[in-house]
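Spelled out from the first residue to the last, the chains are:
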Amino acid sequence: GMEFRVDIIGKRLRSSMAVSFAGMATPFLLGAGLAWFFFHYTALFPQKTSLLEAMLFLGASMCVTAFPMLARILHFKNLSGTAMGTVALGAGAIDDATAWCLLAIVLASFDQDWSHAWVNIGGGAAYVTFAFLVLKPLVSRFEARAIKDDQLTEAGLAAGLALMAIGAWFTDTIGLHAVFGAFIMGAVMPRGTVARDLLAPDGTTLIRAGT
């Protein structure tokens, strides 16, 4: 999330949406078609399951991407922060969030209880809105206090890690993947010294914090 270039995604939003749609439409249609076959010719789905529910469930399940794996591949190939890597991450985030919301709708239709779906979808939208419109300006305002001698302070390190843990906990609580919450929280973190020390690959920041 801290390597995610919000400025690039702003310029390439249409590309990210197009990649996301293409990446969802193909597996969704194939999964829905497979569900139609299973529904009519096998006993895979319970009897109370309708054809529409079966198609939505399997289609949405096939849309879920391995978002953490995608991020690791882009990082390993040094594509993080590039236009291609940013578009891929943006599309993957949209795919995962949409797929989890679809699954919440299907599960709600099974139980005839839509409260979970409302919490899942509404909570995710509220979280993203709060993170970018409220939390990001607040974190930027306190950035100067978290840096001393061109290094992130121990308090700044603890606060940064705590915020990402809270983001992961919240999205996991409302039924979205925990990594989505941490990703959004990382995306709103200030770049420069803060991101550099939180991402320190050699562990110097952690060693300094423990002294």
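S.K.: Teacher, can you tell me more about the packing of aromatic side chains here?
M.R.: Pairs of aromatic rings are described using the distance from one ring centre to the other and the angle between the two planes. Throughout the structure, instances matching the rule amount to four aromatic pairs. Ring centres of Phe-37 and Tyr-41 lie 5.2 Å apart, and the angle between their planes is 35 degrees; on these two criteria the pair is classed as tilted. Highlighted residues: Phe-37 and Tyr-41, both in helix H2 (residues 13–41), separated by four residues, approximately one helical turn. Taken together, the ring pairs in this structure connect Trp-36, Phe-37, Phe-38 and Tyr-41 into an aromatic cluster.

S.K.: Looking at this structure, how should I read helix H3 (residues 51–63)?
M.R.: Side chains three or four residues apart in an α-helix point the same way, a direct result of the helix having 3.6 residues per turn. End to end, H3 covers 18 Å across 13 residues, agreeing with the expected 18 Å (1.5 Å per residue, within 8%). Listed in full, the buried residues belonging to H3 are Glu-53, Ala-54, Leu-58, Gly-59, Ala-60 and Cys-63.

S.K.: Got a minute to help me understand the packing of helix H7 (residues 154–173) against helix H8 (residues 178–187) in this structure?
M.R.: Helix-helix packing is described using two parameters, namely the angle between the two axes and the distance between the axes. Running from N to C, H7 and H8 point in directions that differ by 140 degrees, and their axes come no closer than 6 Å. Regarding the angle of H7 to H8, the classification is oblique. Crossing of H7 over H8 shows right-handed handedness. Between H7 and H8, the residues in contact are Leu-163, Met-164, Gly-167, Ala-168, Thr-171 and Asp-172 and Ala-178, Phe-180, Gly-181, Ala-182, Met-185 and Gly-186, respectively.

S.K.: Help me understand a nonpolar patch on the surface in this model?
M.R.: There is a patch of nonpolar side chains on the surface, built from Phe-130, Leu-133, Val-134, Leu-138 and Phe-142 and spanning about 470 Å² of accessible area. Its place among the elements puts Leu-133 in helix H6 (residues 115–141). Overall, the relative accessible area of 63% leaves Leu-133 in the exposed class.

S.K.: Where do I start with H8 in this structure?
M.R.: Most of H8 sits inside the fold, with seven of its ten residues counted as buried. Buried within H8 are the following residues: Phe-180, Gly-181, Phe-183, Ile-184, Met-185, Gly-186 and Ala-187.

S.K.: What is the right way to look at the side chain of Thr-49 in this model?
M.R.: Looking at the element boundaries, Thr-49 is found in the loop between H2 and H3. Its relative accessible area of 6% is what places Thr-49 among the buried residues. Setting aside residues up to four positions removed in sequence, Thr-49 forms contacts with Phe-39, Ala-54 and Phe-110.

S.K.: Teacher, can you tell me more about the environment of Leu-198 here?
M.R.: If you trace the backbone, Leu-198 turns up in helix H9 (residues 193–198). Taking C-alpha positions, Leu-198 is 9.9 Å from Gly-186, a pair spaced twelve residues apart along the chain.

S.K.: I would appreciate a short explanation of the side chain of Thr-171 in the present structure.
M.R.: Positionally, Thr-171 belongs in helix H7. With relative accessibility at 0%, the residue Thr-171 sits in the buried group. Polar contacts involving the side chain of Thr-171 include one to the main-chain carbonyl oxygen of Gly-167, which spans 3.2 Å. The contacts of Thr-171, once residues within four sequence positions are left out, are Tyr-127, Leu-176, His-177, Ala-178, Phe-180 and Gly-181.

S.K.: Looking at this structure, how should I read the nonpolar core?
M.R.: The tendency in soluble globular proteins is for nonpolar side chains to be buried as a group. One finds Met-164, Phe-180, Phe-183, Ile-184, Met-185 and Leu-198 to be the most contacted residues of the largest nonpolar core, which totals 23 residues. Those residues in contact with Met-164 that sit more than four places away from it in its chain are Met-2, Ala-182, Met-185, Gly-186, Met-189 and Leu-198.

S.K.: I'm lost on the packing of H3 against helix H5 (residues 83–111) in this one. Help?
M.R.: At a minimum axis separation of 9 Å, H3 and H5 run at an interaxial angle of 155 degrees. What the angle tells us is that H3 and H5 run roughly antiparallel. Between H3 and H5 lies a crossing of left-handed hand. Of the residues in H5, those touching H3 at Glu-53, Leu-56, Phe-57, Ala-60, Ser-61 and Cys-63 are Asp-95, Ala-99, Leu-102, Leu-103, Val-106, Ser-109 and Phe-110. For the contact of H3 with H5, the class distribution of residues is nine nonpolar, two polar and two charged.

The rules behind these values
Residue numbers restart at each chain and count upward from 1, following the sequence in its written direction. For a predicted model such as this one, the threshold for reporting local features is a pLDDT of at least 70, and the threshold for listing and counting side-chain atom pairs is 80 or more; totals across whole chains, interfaces and linings nevertheless cover every residue. Side-chain descriptors were evaluated using all non-hydrogen atoms of the structure, hydrogens and water having been removed beforehand. Aromatic pairs are defined between Phe, Tyr and Trp rings, using the six-membered ring for Trp, whenever the two ring centres lie within 6.5 Å; interplanar angles under 30 degrees are classed as stacked, those over 60 as edge-to-face, and all others as tilted. Secondary structure elements are taken from DSSP: a helix is a run of H or I of four residues or more, a strand is a run of E of two residues or more, and numbering for both begins at the N terminus. Given the number of residues in a helix, its expected span is that number minus one, multiplied by 1.5 Å. Note on exposure labels: buried denotes an accessible area under 20% of the residue type's maximum, exposed denotes more than 50%, and partly exposed covers the range between, all computed with a 1.4 Å probe on protein chains only. Between N-to-C directions, angles span 0 to 180 degrees; the directions come from axes that are lines fitted to C-alpha atoms, helices contributing only their stretch in contact. In these notes the angle categories are as follows: under 35 degrees is roughly parallel, over 145 is roughly antiparallel, 65 to 115 is roughly perpendicular, and the rest is oblique. Crossings are assigned a handedness: left-handed for a near helix turned anticlockwise from the far helix by less than a right angle, right-handed for a clockwise turn. Only heavy atoms enter the contact rule, under which two residues are in contact if any of them lie within 4.5 Å. Any residue with relative accessible area above 30% and no salt bridge may belong to a patch, with like charges joined within 9 Å and the nonpolar Val, Leu, Ile, Met, Phe, Trp and Tyr side chains within 5 Å. Note on areas: Shrake-Rupley, 1.4 Å probe, and residue coverage restricted to the protein chains presented here. By convention in these notes, a salt bridge is any Lys or Arg side-chain nitrogen within 4 Å of a carboxyl oxygen on Asp or Glu. Polar contacts, as counted here, are pairs of nitrogen or oxygen atoms within 3.5 Å of one another; within protein the pair requires one atom able to donate a hydrogen and one able to accept it, and residues that are adjacent in sequence qualify only if both atoms are side-chain atoms. In this text, buried Ala, Val, Leu, Ile, Met, Phe, Trp, Tyr and Cys residues form a nonpolar core when linked through side-chain atoms within 4.5 Å. In this classification, Asp, Glu, Lys and Arg are treated as charged, Ala, Val, Leu, Ile, Met, Phe, Trp, Tyr, Cys and Pro as nonpolar, and every other residue, Gly included, as polar.

Purely geometric numbers; function is a separate question.
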